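# Close look at the chain arrangement
As a plain string of letters, each chain reads:
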Amino acid sequence: MDELNALFGGFAVALSAYHLMLMVIGITLGVVIGVLPGLGGANGVAILLPLTFSMPPTAAIILLTSIYWGALFGGAITSILFNIPGEPWSVATTFDGHPMAQNGKADEALVGAFTASFVGAIFAVVLITFLAPVVAKFALKFGPAEFFAVQFLTFASFIGMGRGSAFKTVASMCLGFALATVGLDGVTGTLRMTFGQDELLNGFKFLVAVIGLFGIGEILCSMEDGLKFNGAAAKLRMDAVIRTWKQLPRMWLTFLRSCIVGCWMGITPGGATPASFMGYGIAKRLSKRGDNFGKGELEGVVAPETAAHAAGTSALLPMLTLGIPGSPTAAVLLGGLLIWGLQPGPLLFVEQKEFVWGLIASMYLGNVVGLVMVLTCVPLFAAILRVPFSIIAPSIVFICAIGAYTVNNAMFDVWMMLAFGVLGYLFNKLRYPLPPLVLALVLGDQAESSFRQAMLVSQGHVGIFWSNWLCGGIMTLGMVMAFWPALQALRAKFSGNGAVARTA
Amino acid sequence: MSSNEEAEGRPLFSYRTLDIAVALFFLVVCAIVMVDSLRLGITWKPNEGPRPGLFPFYIVLAMGIASLVNLAQALPRTPGGEKTATTVPGIMRMAAIFVPAVLFVFATNYIGIYVSAAIYVGTFMVFFGKFPVWKALAVSLGLAIVNFMMFEVWFLVPLPKGPLETAFGY
């Protein structure tokens, strides 16, 4: 129970008017940053880092982590309202969040997303409080083979859990991988697929693709359907919070599953983005209402948000205990710690007790403050949907252009965004799934390099992926997932119904 | 929903046409990547591991096979495939936002993103939204100025700027 005593000590540090004020400021800034495309949690924290040098370390980290929480909350807002993910980890939130907004339930989707974020974050903070040293040790066991296994499982689950044509899923996913290979090869330093074009040196950045595929693609679809913006019917009722909360308790199992997936991905450093996709995929497969996913199901908002925030928060665990950041934002915070003269690692818990426990206590408080703040603003956010479509549509194109430009400061990316917009429209029409493409673009480089590293270690033997129980277990599960549609088809054939085996 | 669309205008493309076109697009991408992968080498290099082309080669091989299946499924004339995917008015409406968007991006190179965005939003509001000119002016200028303050002044993120911003000293 040493942890509890230390935690109460931490609350004593964090609960001061000054610190609470910093939390409010930080969360407001964070929400703004999360809403704006092109400004992520990592950029936001990095931009504001210099402002904190004159503050005491505890106050500084409270401000910066509050910005982080705010950005995590804020990413959900644009995903739900405009189908533009403000942050990569809110991509999965758009799948059900935006349909909900189109059905006039934007307020419920927002409340659900915020509450889910809160639950995920608190679960991860509790985990940090009690399991920090134990779990961090486990993450050290991860080698390239294990990394590849986790990534393989993530991709295989798309095939296994997809609703549409498995072949379209594979085509879409492989296109993402192919686009991810464009540019400088990280292992050998050779140029790939650039065909002498200098603009392609940097490769295709997934944010550009996401902004085009989702943002511009969505605008094209709504323009084709006619003038009216589908979400315009959103009603603003103040009882949205209570209405939504009444629905949440029956999803406790989804919450729990997403929390576990999220914490696992955050600590191992899988990151918040794959965590949100996995959380969504698992909920879709296991939930009773899984068939409704994608049409505007509250559970489909809750599952990825919970997982993303559990991952985003637990990513701070390896940073504090081992000095290994689990996410880009955690890496920036790590830089901050070093500037304040604090050495992250196991000794931090011994030498800077007050700082560490103050930080952990501020994670609890920051999330409570954040939840209260964003919930009271839900009507305000939902009101954005009442703006006429002929203002919203060009403004979104403008914002998308800003987002695409800021990724690399290149106009080429803005042109690519328009091209991806057309692709997004076509994919949408023909039911090619977009998420596998996006995730392959995000993780393609990592997956390829961990595959190649693992191959180097084993000198080309695929057996390395089954060399220990951890890696082998994950790989086997992945294989089952990848061939799930084929297995289903076989079973349908042998069940004797004479039904035509279709990979649907 | 689909009956509504059919009543609305002349059909342009069927789902079958679009499906075949997209499958062919995938096959073209597949061919391009394969050519470059073969140039990079797809074999095992002793002491260095797989050559850079190996991973992309097998990835697009899978993509090519999947696209061939998609193509084969799209080719037969089925009632589902003959359904109208897009109509002429639908394409026209999409062009109404997309063509100006292309011009907007093109203009950004010369007059900066803020000025061209103000023109883009303003003209779209007047011609498509039938807003009075003063409202369009207020909204488009306000949007450009708010974004300018946000990105250039507060967050110090430089975006493409043109002669007007230079005149103000940015």
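Quick caveat: nothing in here was measured; it's all calculated off a predicted structure. (Residues numbered from 1 in each chain as written. Chains lettered and ligands numbered in written order. Predicted model: local features only at pLDDT ≥ 70, side-chain atom pairs only at ≥ 80, totals over all residues.)

### Remarks on the overall build of chain A
Across its full length, chain A holds 23 helices and two strands. A total of 504 residues make up chain A; the buried ones form 60% of that total. Expressed as a percentage of contacts within chain A between residues at least 6 apart in sequence, the contacts between residues at least 24 apart total 78%. (Helix = DSSP H or I, 4+ residues; strand = E, 2+ residues; numbered from the N terminus. Buried ≥ 20, exposed ≤ 12 C-beta atoms within 10 Å, placed from the backbone. Contact = placed C-beta atoms within 7 Å.)

### Details of the overall build of chain B
Secondary structure summary: chain B contains eight helices and four strands in total. Counting from the amino terminus, helix and strand elements in chain B follow one another as α-β-α-β-β-α-α-β-α-α-α-α. Relative to a compact globule of 170 residues, whose C-alpha radius of gyration would be 15 Å, chain B shows 24 Å and is clearly more extended. Viewed in the frame of its principal axes, chain B has a C-alpha envelope of about 60 × 60 × 25 Å. Of the contacts formed within chain B by residues at least 6 apart in sequence, a portion of 62% connects residues at least 24 apart. (Rg over C-alpha atoms; globule rule 2.2 N^0.38 Å.)

### Some points on the nonpolar core
Of all hydrophobic cores here, the largest spans 206 residues; its most connected members are Ala401(A), Met417(A) and Val438(A). Both of domain 1 (2–82) and domain 2 (89–167) of chain B provide at least three residues apiece to this core. The residues touching Met417(A), leaving out its near neighbours within four places in the chain, are Val208(A), Ile211(A), Gly212(A), Ile216(A), Cys400(A), Ala401(A) and Ala404(A). (Core = buried A, V, L, I, M, F, W, Y, C linked by C-beta atoms within 7 Å. Domains from an automatic or database assignment.)

### A few points about the confidence of the model for chain A
Residue and element names in this part refer to chain A. Residues of chain A with pLDDT of at least 70 account for 85%, and the chain-wide mean is 78. Ranking the helices and strands of chain A by mean pLDDT puts helix H20 (residues 411–430) first, with 90, and helix H3 (residues 41–48) last, with 67. Counting interchain partners and residues more than four positions distant, the pLDDT-below-50 stretch residues 229–234 has 19 contacts. Counted against residues more than four places away or in other chains, residues 498–504, with its pLDDT under 50, gives 12 contacts. (pLDDT = per-residue confidence, 0-100.)

### Focus: the domain arrangement of chain B
How big an interface is tends to be stated in terms of accessible area lost as the parts join. When cut into domains, chain B gives domain 1 (2–82) and domain 2 (89–167). On a C-alpha basis, the centroid separation for the pair domain 1 of chain B and domain 2 of chain B is 36 Å.

### Some points on the interface of chain B and chain A
Residue-level contacts link 53 residues of chain B with 45 residues of chain A. The set of elements that each furnish at least two residues to the side of chain B that touches chain A consists of helix H2 (15–40), strand E3 (49–50), helix H3 (54–74), strand E4 (84–87), helix H5 (88–111), helix H6 (113–127) and helix H7 (133–154) of chain B. Per element, the largest residue contribution to the side of chain B that touches chain A is 11 residues, and it comes from H5(B). A breakdown of the residues in the side of chain B that touches chain A according to their chemical character gives 41 nonpolar, nine polar and three charged. (Nonpolar A, V, L, I, M, F, W, Y, C, P; charged D, E, K, R; others polar.)

### Some details on unusual backbone geometry
Of note, Arg431(A) is a non-glycine position whose phi angle comes to about 60°, a positive value. Within the secondary structure, Arg431(A) sits in the loop between H20 and helix H21 (435–458). If you check the backbone angles, Lys130(B) has positive phi at about 55° while not being a glycine. Relative to the elements of secondary structure, Lys130(B) occurs in the loop between H6 and H7.

### A short note on the packing of helix H11 (residues 252–267) of chain A against helix H12 (residues 272–286) of chain A
Residue and element names in this part refer to chain A. Where H11 contacts H12, the two axes come as close as 9 Å, and the packing angle between them is 150°. Overall, the two elements H11 and H12 adopt an arrangement that is roughly antiparallel. H11 and H12 meet at a crossing whose hand is right-handed. Side by side, H11 and H12 meet where Thr254, Arg257, Ser258, Val261, Gly262, Met265 and Gly266 of the first sit next to Ala272, Pro274, Ala275, Met278, Gly279, Ile282 and Ala283 of the second. A class-by-class count of the residues in the contact of H11 with H12 yields eight nonpolar, five polar and one charged. (Axes fitted to C-alpha atoms, helices over the stretch in contact; angles between N-to-C directions. Parallel < 35°, antiparallel > 145°, perpendicular 65-115°, else oblique. Left-handed = near helix turned anticlockwise from the far one by under 90°.)

### Description of the environment of Val29(B)
If you trace the backbone, Val29(B) turns up in helix H2. Given 20 C-beta atoms within a 10 Å radius, Val29(B) is considered buried. Separated by 35 residues in sequence, Val29(B) and Gly64(B) place their C-alpha atoms 8.9 Å apart. If sequence neighbours within four positions are ignored, Val29(B) has contacts with Leu175(A) and Ala178(A).

### What about the environment of Ser362(A)?
Residues and elements named next belong to chain A. Mapped onto the elements, Ser362 comes out in helix H17 (residues 353–376). Counting along the chain gives 46 residues from Ser362 to Leu316, while the straight-line C-alpha distance between them is 13 Å. Leaving out residues up to four positions away in the same chain, Ser362 has contacts with Ala14, His19, Ile62 and Thr65.

### Quick look at the environment of Ser66(A)
Residues and elements named next belong to chain A. Position of Ser66 relative to the elements: it lies in helix H4 (residues 57–82). Counting along the chain gives 247 residues from Ser66 to Thr313, while the straight-line C-alpha distance between them is 11 Å. Discounting residues that sit within four places of it in the chain, Ser66 has contacts with Leu22, Met23, Gly26, Ile27, Gly30 and Gly366.

### Details of the confidence of the model for chain B
All names here are of chain B. Mean pLDDT over chain B works out to 85, with 94% of the residues at or above the 70 mark. When pLDDT is averaged over each element of chain B, H6 comes out on top at 91 and helix H1 (residues 2–8) at the bottom at 46. Among the scores for the predicted complex, ipTM is 0.88 and pTM is 0.74.

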